[in-house]
Amino acid sequence: QRYNGEQRKTRGIELALSLKPITDIEFKGSLTFTHSKDYPSHKKSPLIPSFKGAGGIHWQALSKLSLFIQGYGVSNQKDSVTRKTLSPYG
């Protein structure tokens, strides 16, 4: 388990994209890369995924009705309590 004596340094980059090929439909996507370490032990921070991605489609069917689908995915992570790797999920 992480204890209060350590400090966490996190750096990352996020890219986002939005496309609207026609007035009623919009596509969105994003990708996040995170690098996080705890100091002074210099260990990779637990439960913080390296990659996250998301995407979605939004459709304005009528003036008062819109529909959307969204999805996301997260890369594997290290659990600090069990010391096992948690599988990626979405």
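Further up the page is the structure itself.
These remarks concern the structure in this document. (Residues numbered from 1 in each chain as written. Predicted model: local features only at pLDDT ≥ 70, side-chain atom pairs only at ≥ 80, totals over all residues. Heavy atoms only, no water.)

Brief notes about the overall build of the protein chain
From N to C terminus, the protein chain includes zero helices and seven strands. Overall, the protein chain shows an N-to-C arrangement of helices and strands of β-β-β-β-β-β-β. Relative to its length of 90 residues, the protein chain is extended, with a C-alpha radius of gyration of 18 Å against a globular reference of 12 Å. Seen through its principal axes, the protein chain has C-alpha atoms that stretch 55 × 25 × 20 Å. Out of the 90 residues belonging to the protein chain, those deemed buried represent 19%. A separation of at least 24 residues holds for 38% of the contacts in the protein chain among residues at least 6 apart in sequence. For the protein chain, the exposed area adds up to about 7200 Å²; of that, 58% sits on carbon and sulfur atoms. In the protein chain, the 14 positive side-chain charges and the 6 negative ones have mean positions that sit 7 Å from each other. (Helix = DSSP H or I, 4+ residues; strand = E, 2+ residues; numbered from the N terminus. Rg over C-alpha atoms; globule rule 2.2 N^0.38 Å. Buried < 20%, exposed > 50% of the residue type's maximum accessible area, 1.4 Å probe, protein only. Contact = heavy atoms within 4.5 Å. Areas by Shrake-Rupley, 256 points an atom, 1.4 Å probe, with all protein chains shown as cover. Lys, Arg positive; Asp, Glu negative; His and termini not counted. Charge placed at Lys NZ, Arg CZ, Asp CG, Glu CD.)

What about the pattern of salt bridges?
Tallied over the entire structure, the rule returns one salt bridge. Taking the shortest distance from any N to any O, the salt bridge between Arg 8 and Asp 38 comes out at 2.9 Å. With a gap of 30 residues between them, Arg 8 in strand 1 (residues 7-22) and Asp 38 in strand 2 (residues 25-39) connect regions that are remote in the sequence. Since its relative accessible area comes to 32%, Arg 8 is described here as partly exposed. The exposure class assigned to Asp 38 is buried, which follows from its relative accessible area of 3%. (Salt bridge = Lys/Arg side-chain N within 4 Å of Asp/Glu carboxyl O.)

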